[in-house]
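# Observations on the three-dimensional arrangement
Next come the chains, spelled out residue by residue.
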Amino acid sequence: MIINPTYTGKQYWTTVIVSGLLLSLLLSITYTIFYERLYVASSYLFSIIYLIPFVWLSITLAFFKNKFVWSEFSYGKAFQMSFLSGLIGSVIFSVVIYILYAYVGIESRIGLYENGRQMRQLFSPLATAVSMLIINVILSLFYSLIIAIFARKKD
C-alpha cells in the first residue's frame, strides 16, 4: 500500500508564523541599515526594501512545497500561506518602524524636503508606520497572487 504523506495543519501554520516573523526581522534590519547609511532624497537603492517580501515569500513557499507537500497543494492554500506570512511580517515591521521613530530616535528626514507643519505630520512616526503597513499589505497581496501560481502542485 502506497501512502502519500502530505503536510499537517501544524506544519502549515508553523511555517506561516515563522516566515512572517523572519520576514519582519529581515525587513527591520534592512530598513534600519538602509535608512541610516544609504538614504538620500532620490535613492533608488532604497527601493530594494519593497522587493524583499517577494523574494522571501517565494523562498518560503518553495521550502514548504519541497519539504512538506508530497501530494496536491492548491492555489488557494499557496496564496493563503504567502499572504498570511506577508501580513504578519508587515504588521510586525510597522510596529518596529513606529518604535524606531517614536522611541529609539531614528531621525525623520523632513529636512531633506521642507520644514512645514504638514510635512512633519506626514512624516510622523504613526503616519510612517501606517503608510509602510498599507504599502506592504498591498505588495503582499500582489506578490501572493503571483507566487501562488507557481507554487501550486497537482497530482
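Reading the values: rules and limits
Residues numbered from 1 in each chain as written. Predicted model: local features only at pLDDT ≥ 70, side-chain atom pairs only at ≥ 80, totals over all residues. Heavy atoms only, no water. Helix = DSSP H or I, 4+ residues; strand = E, 2+ residues; numbered from the N terminus. Expected span 1.5 Å × (residues − 1). Phe/Tyr/Trp six-rings, centres within 6.5 Å; stacked < 30°, edge-to-face > 60°. Buried < 20%, exposed > 50% of the residue type's maximum accessible area, 1.4 Å probe, protein only. Lys NZ or Arg CZ within 6 Å of the ring centre and 35° of its normal. Contact = heavy atoms within 4.5 Å. pLDDT = per-residue confidence, 0-100.

## Describing helix H3 (residues 75-104)
- For H3, built from 30 residues, the straight-helix expectation of 44 Å at 1.5 Å per residue is met to within 8% by its first-to-last C-alpha distance of 41 Å.
- Residue Gly-105 follows H3 closely and has a positive phi angle near 105°.

## What about the packing of aromatic side chains?
- Tallying each qualifying case throughout the model produces nine aromatic pairs.
- Pairing Phe-64 with Phe-73 gives two aromatic rings, centres 5.6 Å apart and planes at 50°, and the pair type is tilted. Each member of the pair, Phe-64 together with Phe-73, is buried.
- Members of the aromatic cluster, joined through ring pairs, are Tyr-12, Trp-13, Phe-63, Phe-64, Phe-68 and Phe-73.
- One cation-aromatic arrangement involves Lys-77 over Tyr-12; the distance from NZ or CZ to the ring centre is 5.1 Å.

## A word on the side chain of Ser-90
- Mapped onto the elements of the fold, Ser-90 is located in helix H3.
- Owing to a relative accessible area of 2%, Ser-90 belongs among the buried residues under this scheme.
- With residues up to four places along the chain from it excluded, the contact list for Ser-90 reads Leu-133, Asn-136, Val-137 and Ser-140.

## Focus on the environment of Ile-106
- Examined against the element boundaries, Ile-106 turns out to sit in the loop between H3 and helix H4 (117-122).
- For the pair Ile-106 and Pro-125, spaced 19 residues apart in the sequence, the C-alpha separation amounts to 9.7 Å.
- Not counting residues up to four positions away in its chain, the partners in contact with Ile-106 are Thr-32, Tyr-35, Glu-36, Leu-100 and Tyr-101.

## A look at the environment of Ser-82
- In this structure, Ser-82 sits in helix H3.
- Separated by 66 residues in the primary sequence, Ser-82 and Val-16 place their C-alpha atoms 7.6 Å from one another.

## A few points about the confidence of the model for the protein chain
- This prediction gives the protein chain a mean pLDDT of 82; 81% of its residues lie at or above 70.
- When pLDDT is averaged over each element of the protein chain, H3 comes out on top at 92 and H4 at the bottom at 64.

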